Amino acid sequence: MPRITFIEPDGTVRTVDAELTESAMQAAKRNGVDGIIGECGGSCICATCHCHVDKAWLDRVGPAGDIEADLLEFEAADVRPESRLACQISITDKLDGLVLQVVGPGR
Ligand code: FES
């Protein structure tokens, strides 16, 4: 079972077990990670699951898709090249050890 580390907006580090059937947003919500709201349930329309991917993991996580990138641009705060929406990151074994900095809800 992959383990994902979330750094909450206040700096608290939370490492959680993630299921292969869920997204990083779902893993965060199921484990009560602070700052991941997931208002739209993972439909890529709210941007309340915005995270910065640890730079060491960027290649494995990959870039945001077009719709995701547009949503980040218009709805999220502190958007960076490493920005992703946690609901669009599907958990795989390759992501065991992934580190995500939670940005929190947008503008
Ligand atoms: S949960 Fe709404 S965009 Fe990720």
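Up top is the structure these notes are about.
Residues numbered from 1 in each chain as written. Predicted model: local features only at pLDDT ≥ 70, side-chain atom pairs only at ≥ 80, totals over all residues. Heavy atoms only, no water.

A. View of the overall build of the chain. A tally of regular secondary structure across the chain gives three helices and five strands. What you see in the chain, going N to C, is helices and strands ordered as β-β-α-β-α-α-β-β. On C-alpha atoms alone, the chain measures out to a radius of gyration of 12 Å, which is about the 13 Å that the 2.2 N^0.38 rule sets for 107 residues. Along the longest, intermediate and shortest principal axes, the C-alpha atoms of the chain span 35 × 25 × 25 Å. Residues counted as buried form 45% of the 107 residues belonging to the chain. Nonlocal contacts in the chain, meaning residues at least 24 apart in sequence, comprise 64% of its contacts between residues at least 6 apart. Approximately 5,500 Å² of the chain is accessible, and the part contributed by carbon and sulfur atoms is 48%. Across the chain, 10 positive and 18 negative side-chain charges occur, with their mean positions spaced 3 Å apart. (Helix = DSSP H or I, 4+ residues; strand = E, 2+ residues; numbered from the N terminus. Rg over C-alpha atoms; globule rule 2.2 N^0.38 Å. Buried < 20%, exposed > 50% of the residue type's maximum accessible area, 1.4 Å probe, protein only. Contact = heavy atoms within 4.5 Å. Areas by Shrake-Rupley, 256 points an atom, 1.4 Å probe, with all protein chains shown as cover. Lys, Arg positive; Asp, Glu negative; His and termini not counted. Charge placed at Lys NZ, Arg CZ, Asp CG, Glu CD.)

B. Main features of the pairing of strand β2 (residues 13-17). One ladder, built from five bridges, connects strand β1 (residues 3-7) with β2; its direction is antiparallel. By the bridge assignment for β2, F6 is matched with R14. A loop of five residues connects β1 with β2, the two strands running antiparallel in sequence, and G11 in this loop sits at a positive phi of about 95 degrees. (Pairing = 2+ DSSP bridges.)

C. Representation of the packing of aromatic side chains in the model. Counted by the stated rule, this structure contains zero aromatic pairs. The cationic tip of R60 hangs over the ring face of W57; the distance from NZ or CZ to the ring centre is 4.0 Å. (Phe/Tyr/Trp six-rings, centres within 6.5 Å; stacked < 30°, edge-to-face > 60°. Lys NZ or Arg CZ within 6 Å of the ring centre and 35° of its normal.)

D. Quick peek at the pattern of salt bridges. Going through the model one piece at a time under the given rule, you end up with seven salt bridges. Between E8 and R14 there is a salt bridge, with the nearest N and O atoms lying 3.1 Å from each other. When salt bridges that share partners are traced, they join K55, D78, R80 and E82 into one network. (Salt bridge = Lys/Arg side-chain N within 4 Å of Asp/Glu carboxyl O.)

E. How the structure looks around unusual backbone geometry. With a phi angle near 60 degrees, C44 is a residue other than glycine that sits in the positive phi range. Tracing the chain through its elements places C44 in the loop between α1 (24-30) and β3 (50-53). A positive phi angle, near 65 degrees, is found at A47, a position not held by glycine. Within the element layout of this structure, A47 appears in the loop between α1 and β3.

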